[in-house]
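# Notes for the structure review
Spelled out, the chains give:
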Amino acid sequence: VLGIALFVWKAPFPLWWKAFFVFSGFSVYEYSVMARNYGISMPIMFAISIFIASRPRIYWPLAVLLFLLSQTNAGAAIMAPLYVLILLAGWRAESSRRDRIGILVCAIATLAGLGCAFATLYPPRHDMVSQSIGQVSLVDAITQAVVNPGDRYDALVHLFLPKVLSGPLATILLYGSALALLPD
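Now for a description of the structure that goes with this document. Everything numeric in this text was worked out from a predicted model, so none of it was measured.

## Quick word on a nonpolar patch on the surface
On the surface, Leu-138, Ile-142, Val-146, Val-147 and Tyr-175 cluster together to form a nonpolar patch covering roughly 510 Å² of accessible area. It is helix α9 (residues 138-147) that provides the largest number of residues to the nonpolar patch, a total of four residues.

## Thoughts on the packing of aromatic side chains
Between two aromatic rings, the relevant description is the distance of the centres plus the angle of the planes. Inspection of the entire model under this criterion finds three aromatic pairs. Both rings, one in Trp-16 and one in Phe-20, keep their centres 5.9 Å apart while their planes meet at 85°; by these two values the pair is edge-to-face. Of this pair, Trp-16 and Phe-20 both sit in helix α2 (residues 15-22), four residues apart, which is roughly one turn of that helix. On the accessibility criterion, Trp-16 (53% relative accessible area) is exposed.

## Things to note about the side chain of Lys-18
Tracing the backbone shows Lys-18 in helix α2. Excluding anything up to four places from it in sequence, Lys-18 contacts Phe-7, Val-8, Ala-11 and Phe-13.

## Focus on the packing of helix α5 (residues 59-72) against helix α6 (residues 74-89)
Each pair of packed helices gets described by two things: the angle between the helix axes and the distance between those axes. The geometry of α5 relative to α6 is characterised by a closest axis approach of 6 Å and an angle of 155° between their N-to-C directions. It follows from the interaxial angle that α5 and α6 lie roughly antiparallel. Across the interface between the two elements, Leu-62, Leu-66, Leu-69, Ser-70 and Thr-72 from α5 touch Ala-76, Ala-77, Ala-80, Tyr-83, Val-84 and Leu-87 from α6. Partitioned by chemical class, the residues of the contact of α5 with α6 number nine nonpolar, two polar and no charged.

Scoring rules and cut-offs
- Each residue is numbered by its place in its chain's sequence as written, counting from 1.
- Thresholds applied to this predicted model are a pLDDT of at least 70 for local features of residues and 80 or more for the giving and counting of side-chain atom pairs; totals over whole chains, interfaces and linings are not thresholded and use all residues.
- Hydrogens and water are ignored here; the side-chain numbers use all heavy atoms of the structure.
- Every patch collects residues that have over 30% relative accessible area and no salt bridge, joining them within 9 Å if they carry like charges and within 5 Å if they are nonpolar side chains (Val, Leu, Ile, Met, Phe, Trp, Tyr).
- Residue-level accessible areas treat just the shown protein chains as cover; the underlying method is Shrake-Rupley with a 1.4 Å probe.
- Salt bridge criterion: a side-chain nitrogen from Lys or Arg within 4 Å of a carboxyl oxygen from Asp or Glu.
- Put simply, DSSP H or I for four residues or longer makes a helix, DSSP E for two residues or longer makes a strand, and each gets a number counted from the N terminus.
- Ring pairs shown here join Phe, Tyr and Trp side chains whose ring centres sit within 6.5 Å, with only the six-membered ring taken for Trp; geometry is labelled stacked below 30 degrees between planes, edge-to-face above 60, and tilted in between.
- For every residue, the accessible area (1.4 Å probe, protein chains only) is compared with the maximum for its type, and the residue is labelled buried under 20%, exposed over 50%, or partly exposed between those bounds.
- For this analysis, residues touch if any pair of their heavy atoms sits within 4.5 Å.
- Axis lines are fitted through C-alpha atoms, for helices just across the contact stretch, and the angle between N-to-C directions can take any value from 0 to 180 degrees.
- With respect to orientation, any angle under 35 degrees is reported as roughly parallel, any angle over 145 as roughly antiparallel, any angle of 65 to 115 as roughly perpendicular, and every other angle as oblique.
- Only Asp, Glu, Lys and Arg are considered charged in this grouping, and only Ala, Val, Leu, Ile, Met, Phe, Trp, Tyr, Cys and Pro are considered nonpolar; every other residue, Gly among them, is considered polar.

This is the structure in structure tokens:
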């Protein structure tokens, strides 16, 4: 409701365009029912847009909103640095020291928000997934996943085959199915 109110109140669109958005499937169903975390990020993104467009800019609520935006969902965490890039695009035009410090504070808040989001989502060492693969470095895990993905997906072909055969066969099936998707 807050996102819709901000949109209707501040969006620079004609009334008929605002009505189409307000009563569209995105705002009525997708943002409110199906993906509630997108519904949380929508008013934050609208508020960020309002603060970026306002003159003179008030940077402390903008920094707080950028921090919170990266906490809502992965898509919003990707978009948060893009808002900072919008601010950085006007770096040369912003001649006052106050504006440049405000932009830096917003960038630091966004990086802190992304760091907190990563720390929240990164599995701890006592997680079941981490225990199932053991203590493996990230580089080794990526290499193993690229070279021999069938070790983890051997359930695709394990029906009556021993583990020694099901892993390589699953690797062949995975790479074969990926190659089959390539255009002629």
